[in-house]
Amino acid sequence: MKVLSLGGAGFIGSHLTARLLQEGHTVTVVDQENDKIQEWLSLDRLKVVKEDIRRPDWGLVELVQDANVVIDLIAYANPSLYIKMPMEVFRLNFNENLKIAEACVKLKKRLIQFSTCEVYGKTPASFLNGYLANPGDSMHATFSEDTTNLIMGPVGKHRWIYASAKQLLERVLHAYGLEGHLNYTIIRPFNFIGPKIDYLPSEKEGIPRVFSNFLQALMNGSPMYLVDGGHHQRAYTFIDDAVDCIMRIIENRDAVCEKQIFNIGSPANEISVRELAVKMRDIYKRRWWDGVSPLPEIVNISAKDFYGVGYDDSDRRIPDITKATMLLGWRPRLNLDDTIENSMEYWFERQEHEIPLKDAALR
Ligand code: UGA
C-alpha cells in the first residue's frame, strides 16, 4: 500500500512509519523534522518531504493523488501551546487540517484523521458532583465514541480552543461522509506514551506534556510539579499497543472502519497525576538512581502559575474500547507499570549507552 503520512515523523507518526515500513508498505512522510525516523531514511520505500504545511502551494494535492490512503497526524497537541498561542493552534488544527480533508474529498482518497480524547472534555461529575449518587464511579468518566456528550469549558478558558477545533473538524468529516463524499476514519488517542515522546521544555515548543516534564525532573533533580494538586486522572497507553490498533484501522478488513470513530486507549491503566509522579520516582530510584544525586521533590503549583491564564482541564477520561475490540479484535496488552517503565527505559538506557544526556534531551 502507498501511504501518505502527514506528521509521520512525530512521536506517534515515527512509530507508525516504522511499522508500515517493516510490513512492506511504501510511505511518504511529510514533516518539518525527520530526527525520529533517522534509521529508516536510507530505505527506498520511504520518501520524506520536509515541509511546513502552512506554506501555500507546497504540493499537497500531488501527494494525495499518489497515495492509496492518507493519514493526518499533524497537530499542536500540547496544552501549554493552547494557552500561549490559541489562534495558531486553531489555524493548524482546523484550517490546515481541513485543507487535507478537502483534498481527500476532491481526489476520492481514504482519510485517517487523528483527533483527540480531549474532544470529550470534562466528566459530568466535574459539574454535577452534588447530584450524582456515585461521582467517583468510573462509568461517569468512560467515554464512548458514538454516544457520549462532549462537554467543553467556557470560552474564556481558551485551553478548549484545541478540543473545539478538533471537534469541529470531526463534525466536518462526518458531514462530508453524510453527503457521500468522504471515506474517513477518526482516531481519538488516549494519552499514548513511549520512546521518542516529545521531550524537554524548550523556548520553541514550550512546556511539554506531563510524562516528559517528570522525566526531565528525574534527570535533573528538579521539582515534579503537580498542577492544582495532581488529582486529575489519565489512562496511559503504550505506543506499541496503540500502533497495533492503528495498523488494523489502516488495513480496514471488510471496510469495517468506514465512517467510524475509534477510541484507542487502555481503560485499565488509569492513574492520577500525583500517583504518576510517585510511581515514576519509585521506578527511577529502583532502576537508575546513582544513590547520591538529588531526587526530585513533588511540589504543588496552581494552573495559573504553571500554564498562565486560560487553563482548564479534563478531570478524568477512560476510553470505552468496545468498538475497537468488536470491529478490529484489538485490546491493549501492556499494564500500567510496564507502560510507564518501558517508556522511561528508553530515555535512561539511551542516556547510558548512546549519547550524552544533554543531547538526548534536546531531541
Ligand atoms: C494532552 C493533549 O491535550 C491531548 O490532545 C492529547 O490527546 C493528550 O495530551 C495525550 O497525550 O494523549 P493532557 O493529558 O491534558 O492532554 O496533557 P498533559 O500535559 O500530559 O497533562 C496531564 C495532566 O497533568 C493535566 O492535569 C495537567 O494539568 C497535569 N500536569 C501537566 C502536571 O501536573 N504537571 C506537569 O508538569 C504537566
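The shown structure was predicted, so the numbers you read here are calculated from the model rather than taken from an experiment.

*Asks:* Quick question: what am I supposed to make of the sheet that holds strand β5 (residues 110–114) here?
*Replies:* In a beta sheet, neighbouring strands pair by backbone hydrogen bonds and run either parallel or antiparallel. The sheet built from seven strands is open, its strands ordered β3-β2-β1-β4-β5-β7-β12 with parallel pairing. The two strands at the open ends of the sheet, each matched to only one other strand, are β3 (46–50) and β12 (260–264). Each strand of the sheet is rotated relative to its neighbour by a mean of 15 degrees, with strand direction disregarded. With four bridges joining them, strand β4 (residues 69–72) and β5 adopt parallel strand pairing. Paired with D72 across the bridge in β5 is Q113.

*Asks:* What exactly am I supposed to notice about the confidence of the model for the protein here?
*Replies:* Low pLDDT means the predicted atomic positions in that stretch should not be read closely. Mean pLDDT over the protein works out to 94, with 94% of the residues at or above the 70 mark. Note that residues 355–363 has pLDDT below 50 and, in this model, twelve contacts with residues that lie over four places away or in other chains.

*Asks:* Explain helix α8 (residues 239–251) to me, please; I cannot follow it from the model alone.
*Replies:* An α-helical turn contains 3.6 residues, so a residue and the one three or four places further along point in the same direction. The terminal C-alpha atoms of α8 lie 18 Å apart, and with 13 residues this matches the ideal 18 Å at 1.5 Å per residue to within 8%. Burial runs high along α8: ten of the 13 residues are buried. Looking only at α8, the buried set comprises I239, D241, A242, V243, D244, C245, I246, M247, I249 and I250. In the segment just after α8, N252 is the residue with positive phi, at about 55 degrees.

*Asks:* In this structure, what is going on with the packing of aromatic side chains? I would like to understand it.
*Replies:* In this description, an aromatic ring pair is defined by two values, namely the gap between the centres and the angle between the planes. Under the definition given, this model contains ten aromatic pairs. Look at F306 and Y307: their rings are 4.9 Å apart centre to centre, the planes differ by 85 degrees, and that puts the pair in the edge-to-face class. With respect to burial, F306 and Y307 carry one shared label: buried. Relative to Y311, the ring of Y307 lies with its centre 4.0 Å away and its plane at 15 degrees, an arrangement referred to as stacked. The pair Y307 / Y311 is uniform in exposure class, with both members buried. What links up through ring pairs into an aromatic cluster is the set Y225, F306, Y307 and Y311. The ring of F262 has K323 lying over it, and the distance from NZ or CZ to the ring centre is 5.4 Å.

Cut-offs and rules
- Positions within a chain are numbered from 1, following the residues in the order the chain's sequence is written.
- Side-chain atom pairs in this predicted model are given and counted only at pLDDT of 80 or more, local residue features only at pLDDT of at least 70, and totals for whole chains, interfaces and linings cover all residues.
- Side-chain calculation: all heavy atoms of the structure are included, whereas hydrogens and water are not.
- When DSSP finds at least two bridges between two strands, those strands are taken to pair.
- Only runs of H or I of at least four residues qualify as helices and only runs of E of at least two qualify as strands under DSSP, and these elements are numbered from the N terminus.
- A fitted line through C-alpha atoms represents every axis, and for helices the fit uses only the stretch in contact; the resulting angles, taken between N-to-C directions, go from 0 to 180 degrees.
- Confidence scores per residue from the predictor, reported as pLDDT, run from 0 to 100.
- The contact definition used throughout considers only heavy atoms, calling two residues in contact when any of these lie within 4.5 Å.
- Between the first and last residue of a helix there are one fewer steps than residues, each counted as 1.5 Å, and that sum is the expected span.
- Whether a residue is buried, partly exposed or exposed follows from its accessible area with a 1.4 Å probe, protein chains only, as a fraction of its type maximum: under 20%, in between, or over 50%, in that order.
- Under the pairing criterion, centres of Phe, Tyr and Trp rings, with the six-membered ring standing for Trp, must be within 6.5 Å; the plane angle then separates stacked pairs below 30 degrees from edge-to-face pairs above 60, leaving the rest tilted.
- Charge-over-ring contacts are defined here by two conditions on Lys NZ or Arg CZ: a distance within 6 Å of the ring centre and an angle within 35 degrees of the ring normal.

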